[in-house]
Amino acid sequence: MQIKITTWNINSVRLRLPLIADFVNEYQPDVLCLQETKCRDSEFPSSDIRKLGYEYCAINGQKGYHGVAIVSRLPLDQIERIEFCEKGDARHIAASFKVDGRPIRLHNFYVPAGGDEADPVKNPKFAHKLSFLDQMHNLSRQEVFTEADTMLVGDFNIAPHEHDVWNHKALLQVVSHTRVETEKLNLILNDGRWVDALRQFTPLEDKLYTWWSYRAPDWAKADKGRRLDHIWTSRSLAPALLGTEILRDARGWERPSDHVPVSLILEI
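These lines cover the structure that appears in this document, whether it is placed above or below. Note that this is a predicted model, so its numbers are computed, not measured.

### Some words on the packing of aromatic side chains
Scanning the entire structure with this criterion turns up 9 aromatic pairs. Ring centres of Phe23 and Tyr27 lie 5.3 Å apart, and the angle between their planes is 25 degrees; on these two criteria the pair is classed as stacked. Taken together, the residues span about one helical turn, with Phe23 and Tyr27 both in helix α1 (residues 17-27) at a distance of 4 residues. Judged by its relative accessible area of 1%, Phe23 is buried. According to the relative accessible area criterion, Tyr27 is partly exposed, its value standing at 23%. A centroid spacing of 6.0 Å and a plane angle of 75 degrees characterise the contact between Phe84 and Phe109, whose relative ring orientation is edge-to-face. Within this pair, whereas Phe84 is found in the loop between β5 (77-80) and β6 (92-99), its partner Phe109 is found in strand β7 (residues 102-110), the two being separated by 25 residues in sequence. The class of Phe84 is buried, set by a relative accessible area of 3%. Put simply, the rings of Phe84, Phe109, Phe132, Phe156 and Trp232 pair up and form one aromatic cluster. In this arrangement the basic side chain of Lys224 is found over the ring face of Trp166, its NZ or CZ atom lying 4.7 Å from the centre.

Rendered as structure tokens:
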């Protein structure tokens with residue numbers, strides 16, 4: 001049985017509900033993980049989402065900021081919300097589903113962006129981001145994320161490799177590609193024995209982006225992208241990986257998010 005899991009920083013689920021409808025009608029993901037939903041749980045458009053065929057919703061919302069959700073055609077259970085850095089921010093949601101009786105645990109993250117200055121002393125937002133990554137690492141080491149078949153997905157707000165950004169040298173001091181961030185993310189990846197699904201199908205020497213800034217007057221021509229969105233799987237799921245897709249065209253849709261949908265296809 002094949003299953004498609006998509007992650008997408010939607011940058012306001014209510015504002016971009018028409019884009020979600022267009023996407024799911026054409027690309028038919030079985031499970032859709034959203035970040036930056038920017039609404040309280042009571043304001044989440046659950047009824048509209050159900051009309052699109054996603055009967056099951058796991059939501060962790062917050063008024064005007066952050067917010068994550070998992071919407072699914074498959075039943076969800078064991079829903080969990082982890083609070084990071086004692087901030088009260090809605091940045092994590094987890095749920096389990098079964099594929100042909102095989103349970104899969106799914107964690108959906110929205111890692112802090114970190115502000116504009118890569119100095120944790122001068123910039124509290126950057127300090128918060130580093131603390132968030134440390135907590136992710138600690139939870140991995142405490143086997144919180146180590147169920148046999150597990151996925152970590154979401155907007156990690158870090159482009160870890162040289163060709164995950166449009167210009168490696170120019171961005172080494174820019175938040176999302178600094179050495180301290182990439183080292184912390186790779187530590188989580190390696191210590192947790194995760195598989196970076198996107199890079200399983202695209203060599204490290206090839207450019208790979210999932211985000212293009214709103215600031216660029218012609219984002220497609222400039223192509224100054226970064227790979228901020230990720231799908232990781234436990235090694236137990238590695239044999240089931242069939243392929244990935246980054247829907248670059250979505251960045252050019254009307255009133256788009258600055259992130260595009262990123263999908264993984266598994267065969268269980």
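### A look at the side chain of Thr233
With respect to the helices, strands and loops of the structure, Thr233 is situated in strand β12 (residues 229-234). Accessibility expressed as a relative area gives 0% for Thr233, which makes it buried. Those residues within four positions of Thr233 in sequence are excluded, and the remaining contacts are Thr150, Met151, Arg193, Trp194, Val195, Ala238, Leu241 and Leu264.

Reading guide: rules and limits
Residues numbered from 1 in each chain as written. Predicted model: local features only at pLDDT ≥ 70, side-chain atom pairs only at ≥ 80, totals over all residues. Heavy atoms only, no water. Phe/Tyr/Trp six-rings, centres within 6.5 Å; stacked < 30°, edge-to-face > 60°. Helix = DSSP H or I, 4+ residues; strand = E, 2+ residues; numbered from the N terminus. Buried < 20%, exposed > 50% of the residue type's maximum accessible area, 1.4 Å probe, protein only. Lys NZ or Arg CZ within 6 Å of the ring centre and 35° of its normal. Contact = heavy atoms within 4.5 Å.

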